[in-house]
Amino acid sequence: MGTLTEAIPAATRTRRRGLRVRLTRDSLATLLFLLPLLAVFGLFSWFPIIRAFVMSVQATNLVSEPTFVGLDNFAQVLADPQFGIAVGNTLWFALLALVFGFPIPIILAVVMSEVRRFRGLYSALAYLPVVIPPVVSVLLWRFFYDASSRGVFNTILGWIGVGPLPWLQSAGTAMPSIVIEATWANAGATVIIYLAALLGVPRELYDAADVDGASIWQKIVNITLPQLRSVLLITLILQLLATAQLFTEPLLFTSGGPNNATLSILLLIYRYAFQNSLGGQYGMAAALSLMLAAFLAVFTAVYYRLTRGWSTSS
Amino acid sequence: MIAAVLTAVVAIVAACSPVASPSPTAAPGTGQPAATAGASSAAQAPVTITVGVLRPGATQEAVDALNLQITEFEAKYPWITVVPQEYNWTAPTFTAALAAGTLPVVFTIPFTDGKGLIAQHQIINIDSRVRALGYADKFNKNVISNGQDTSGAIWAVPIAAYGMSLTYNRTLFTQAGLDPNNPPATWDDVQAAAKTIAAKTGMAGYAEMATENTGGWQLTTSTYALGGRMETVGADGKVTATLNNDQTKAALARLQTMRWQDNSLGSTFDYAWGTINQAFASGQIGMFTGGSDLYTAMVQNNNLNPADYGVSVIPLASSPTAGVLGGGTLAAVNVVTTDAQRDAAVDWIDFYYMQKLLTQAGAVADAQALKANNQPVGVPSLPIFDKATYDASQGWIKDFINVPAAQMTPFTSKIFDQPIVTEPTAHTQELYAALDPVVQAVLTDKNADINALLDGANKAVQAILDKG
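Every value quoted in this text rests on a predicted model; they were computed, and no experiment measured them.

*Asks:* What is the right way to read the side chain of glutamate 249 of chain A from this model?
*Replies:* All names here are of chain A. Relative to the assigned elements, glutamate 249 resides in helix α12 (residues 248–253). Within the buried core, glutamate 249 has no salt-bridge partner, and the shortest N-O distance to an opposite charge, that of arginine 142, equals 13 Å. Aside from chain neighbours lying at most four places away, what touches glutamate 249 is Val138, Ile178, Glu181, Ala182 and Thr254.

*Asks:* Help me understand the interface of chain A and chain B in this model?
*Replies:* A common way to express how large an interface is: the accessible area buried when the components associate. On the chain B side, the residues contacting the 42 residues of chain A number 48 residues. Of all residues in chain A, Phe274, Ser277 and Leu278 of chain A give up the largest surface area on contact with chain B, accounting jointly for 19% of the area buried on that side. For the pair chain A and chain B, the number of links is one salt bridge. Between arginine 142 of chain A and aspartate 270 of chain B there is a salt bridge, with the nearest N and O atoms lying 3.2 Å from each other. At the surface where chain A touches chain B, the tally comes to seven residue pairs in polar contact (both at pLDDT 80 or more). Elements represented by at least two residues in the side of chain A that touches chain B include exactly α2 (10–55), α13 (265–274) and α14 (282–311) of chain A. Top element by residues in the side of chain A that touches chain B is α2 of chain A. It accounts for six residues. Broken down by class, the residue content of the side of chain A that touches chain B amounts to 19 nonpolar, 18 polar and five charged.

*Asks:* Explanation requested: the pattern of salt bridges in the structure shown.
*Replies:* Pairing between side chains becomes possible if they bear opposite charge and their charged atoms approach one another. Residue and element names in this part refer to chain B. Per the stated rule, a full pass over the model turns up eleven salt bridges over all chains. A salt bridge links lysine 195 to aspartate 262; the shortest N-O distance between them is 3.9 Å. With a gap of 67 residues between them, lysine 195 in helix α9 (residues 187–201) and aspartate 262 in the loop between α11 (246–260) and α12 (273–281) connect regions that are remote in the sequence. Classification of aspartate 262 by relative accessible area gives buried; the value is 14%. Across the salt bridge formed by lysine 387 and aspartate 391, the nearest N and O atoms sit 3.1 Å from each other. Here lysine 387 pairs with aspartate 391, and both are found in helix α16 (residues 387–396), just four residues apart, close to one helical turn. The class for aspartate 391 is partly exposed, based on a relative accessible area of 38%. Taken together, the shared-partner salt bridges connect Arg129, Asp339, Arg342 and Asp343 into one network.

*Asks:* What should I look at first to understand unusual backbone geometry in this one?
*Replies:* Excluding glycine, most residues fall at negative phi; most peptide bonds, likewise, are trans. Here the bond from glycine 257 of chain A into proline 258 of chain A is cis, since omega is -5 degrees, no more than 30 degrees from zero. Here histidine 121 of chain B, not a glycine, exhibits a phi torsion of approximately 55 degrees, which is positive. Position of histidine 121 of chain B relative to the elements: it lies in the loop between α5 (111–119) and α6 (127–131). Residue classification places histidine 121 of chain B among the partly exposed residues on the basis of a relative accessible area of 21%.

*Asks:* Just to check I follow, could you spell out empty space enclosed by the protein for this structure?
*Replies:* Empty pockets left among the atoms are what a rolling probe the size of a water molecule brings to light. Residues and elements named next belong to chain B. On inspection of all chains with the given rule, the structure shows four cavities of 30 Å³ or more. Its volume calculated, the largest cavity comes out at about 120 Å³. Taken together, Trp187, Tyr206, Glu208, Leu219, Ser222, Leu226, Ala251, Arg254, Leu255 and Met258 form the lining of the largest cavity. Secondary-structure elements contributing two or more residues to the lining of the largest cavity are α10 (214–226) and α11. Here the lining of the largest cavity gets four residues from one element, more than from any other, and that element is α11. Residue composition of the lining of the largest cavity, by class: seven nonpolar, one polar and two charged.

Quick notes on the rules
Residues numbered from 1 in each chain as written. Chains lettered and ligands numbered in written order. Predicted model: local features only at pLDDT ≥ 70, side-chain atom pairs only at ≥ 80, totals over all residues. Heavy atoms only, no water. Helix = DSSP H or I, 4+ residues; strand = E, 2+ residues; numbered from the N terminus. Buried < 20%, exposed > 50% of the residue type's maximum accessible area, 1.4 Å probe, protein only. Lys, Arg positive; Asp, Glu negative; His and termini not counted. Salt bridge = Lys/Arg side-chain N within 4 Å of Asp/Glu carboxyl O. Contact = heavy atoms within 4.5 Å. Buried area = accessible area lost by both parts, 1.4 Å probe. Polar contact = N/O pair within 3.5 Å; in protein donor to acceptor, adjacent residues only side chain to side chain. Nonpolar A, V, L, I, M, F, W, Y, C, P; charged D, E, K, R; others polar. 1 Å grid on protein atoms, 1.4 Å probe; cavity = no way out; pocket = protein on both sides within 12 Å on 5 of 7 lines; lining within 4 Å. Points joined across faces, edges and corners; volume = space filled by probe spheres on them.

Take a look at the structure:
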């Protein structure tokens, strides 16, 4: 019996050697192209993540030498009265954003998909708030939310005999005010995604439904939403992840007030790190960041497991 | 995603922090820089320093005045190049810049941060350099102590001191039928005037800062004025939080009444230092408490109409412990610097901040540069050195004063008769931060329970104090 090498025709062996050489060359080229990306990712993403793990078990002001404190930072975060408040506020925001922020883009996309003329213009208008830098949006809305009777929104409400509302100046209305702005600022991107998915739904399904005498509502429930199921599940988890990381709006609108009514988990991380001018509690900030990241990772895994069956079209 | 970004920011700040850089050049308490030899020869070599002296948003006239002073400095010290940077101390931005080592070579900090930064060696020991200037012993002892370590070595130089004041809008006073030359002298007067202004003009009669630690700062001011204290220090040096004292409760109760019964506080309850200045300068606020030196910032950043501005002393209760909260600013030198830069930094501090207070030539040159660019000269302040030196410096600039001095008389004629009380000494900014939500709750919740709020804040601050 001959060897395996002998059994392979000479031409094939030559081809394989050539392939190995090409693979090696290709791999080198690939690696070269990857290097900048790996360097940037390593420096600005992986290295900070590793540093965060290290800092979470240290007491450090980033100037003096750090000391190892074990899990003290985690214990201190969990014992902090502000932690419970921040978790509660973040859940409250997530709920409000889900109730108001999730269906609005779907409705807008469905309406826009039915419009034949100027669809591009409506898409652009819907997407426009996404283009505006978040800081600019917030400062603009802060002006609108002026709680005096001379404020923009309060003036408009005054025409119909409502208000003036305190908007950001009351613990009860501050968070809903933030949700309204956040929905305005972020809905456009989701509308575009839904619109693209909707336009991909086969027209024949609606034609067949028309033949069967289905109403608009029946068509939405039985055709549109099932066809959008995969997209809906993805956007829902993305929205939940985004709401759990609420930061810019409470920082710029209210600094977490009034009386911590809009203190989110990320704002609490920021407070740990940067509120004390004599050197922040960076260890606690890193600990809470890791706790949040771990929770979101587990939550996402569970979500995908639970919804795996739903995402395939029936 | 934002969590990852925040984590990355914290970690990148950590990666960029000056932990690995040379530690401060002196052992604590020695007061001796490691490299004292060859300072003069090293100083002659070209050196560049950055100085944090421009407030963000400063007018072109303020920039021109600064450039003129830099030109004069560089003429006197031709080997030093000065690069001005925008700088405005706020707790979050300062913390990040400090940790990342990106502060300018010379920067300023409030009195409240001096001791902590010195203890943690986050600023440089400049004792021998300052003493070489020849006037270290002339500083007001209570003022210079903010920049000294426990052995008396100087790490930061006091450059300005202020007493809290009652700032009021003379135009709104007139519109409300009040006499702007006779500002409120008691807290009852303040409350009554606020009610009148709100009713007659539709503007906020009185406003209170409540965010970015300023709520706690102003509540402490009110507490001091009524004779209370936020901390007590035992014979053994142990600091006890006393946030839930009777005077703080009384101050909050008055705010509660003004907000919910008198309706005289307007509709904005999240002011910080910058935003309340802006609102005052635009005529939306009748009165508020703030530093006596606010006029400069309001002219440079908020386009204040000088005719609107009035300032008076804070009303004090008859209690023997009642006093005016006094604060101030220290100039400090960045740890991440060379010896030559440290020498140049102290030269700059001497030239830019000190000479105008100590010598006629320095005072006149400073005043001329400011006046030539329409910058305020003669804004009320408190003495850094002794009262005689202060009076002399005021005399030197008499011909250049361009602020409405007569409108400041209610403050300047009485402030030196009032006892000045320093800010809480231990964990000051954290104490202020714990009180912010208390002030916010009183201003935004009609049913806010003052006792419970203060007890909660006191417990939180005591826990911080116990940790040391």
